[in-house]
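Summary of the model geometry
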Amino acid sequence: MKSADTESDGKAGAGRMEGAELEERGQKTGKRKRGRHGGRQSRKKGFLPAFCSILSVLLLLVVVGICIPMTVPRLFGYEVYTVVSGSMEPAIPVGSAIYLKSAVPEEIKAGEVIAFYRGRAVVTHRVTENHTVSGEFITKGDANAEHDLEPVPYSALLGRMEVSVPVLGSVMAVCSGSMGKAYLAGGVAAALLLHMLGGMLRRTE
């Protein structure tokens, strides 16, 4: 009788121990699952602020990238113009931006490209001859079969072309207008809002 009672008590104790072990394992499993879900949620929360910050930086870079070619060269004495005709193609396509710098007329050589006033228009053509005695240039557009009908007096010289950039002139022409300026201002405002939003999302994490 005693041995039977002892065996029964032992079985009951083992049952309680197994139950406790199962409960402990269940708690550990639940913690691991919660940990995994929490990590995923944390990564998702961290992605949005980073995305806002990156997008704001990209917007600012685009705005700055458009404004620099229009403004910075002027600080170094360059004048910027947009080519609107095809007389200098293929060397200088329509829509190119050309950067001019003032030059001494007598020092300009044949083969160099100059910009000059013809009436109220600004013309960009290549110099074929420089007549220093009479103070005149003979010019020609690369796409034209003949030389320009009239020589260009030194007094009409606007500057010598230092560099041309295709397409950039068209972009600058759009951005220098009232609508383009509004787009640029909107880009800056959007970049600032995205930066502020990213900061707010980081503080709420």
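Below is a short write-up of the structure. (Residues numbered from 1 in each chain as written. Predicted model: local features only at pLDDT ≥ 70, side-chain atom pairs only at ≥ 80, totals over all residues. Heavy atoms only, no water.)

**A short note on the overall build of the protein**
Along the backbone of the protein there are 3 helices and 7 strands. Of the regular secondary structure in the protein, the N- to C-terminal order runs α-β-β-β-β-β-β-β-α-α. Every one of the 205 residues in the protein was classed for burial, and the buried ones make up 28%. Contacts spanning at least 24 positions in sequence make up 57% of the contacts within the protein whose residues lie at least 6 apart. Accessible surface, the protein: about 13,700 Å² in total, of which carbon and sulfur atoms supply 63%. (Helix = DSSP H or I, 4+ residues; strand = E, 2+ residues; numbered from the N terminus. Buried < 20%, exposed > 50% of the residue type's maximum accessible area, 1.4 Å probe, protein only. Contact = heavy atoms within 4.5 Å. Areas by Shrake-Rupley, 256 points an atom, 1.4 Å probe, with all protein chains shown as cover.)

**Things to note about helix 3 (residues 178–204)**
A rise of 1.5 Å per residue sets the reference length of helix 3, with its 27 residues, at 39 Å; its end C-alpha atoms lie 39 Å apart and thus fit the reference within 8%. By the burial criterion, the buried members of helix 3 are Gly180, Leu184, Gly187, Ala191, Leu194, Gly198 and Gly199. (Expected span 1.5 Å × (residues − 1).)

**Structural notes on the environment of Gly141**
On the secondary structure map, Gly141 appears in the loop between strand 5 (136–140) and strand 6 (152–153). In this structure Gly141 comes out as buried when scored by relative accessible area, which is 0%. Note: C-alpha distance between Gly141 and Val127 (14 residues apart in sequence) is 8.9 Å.

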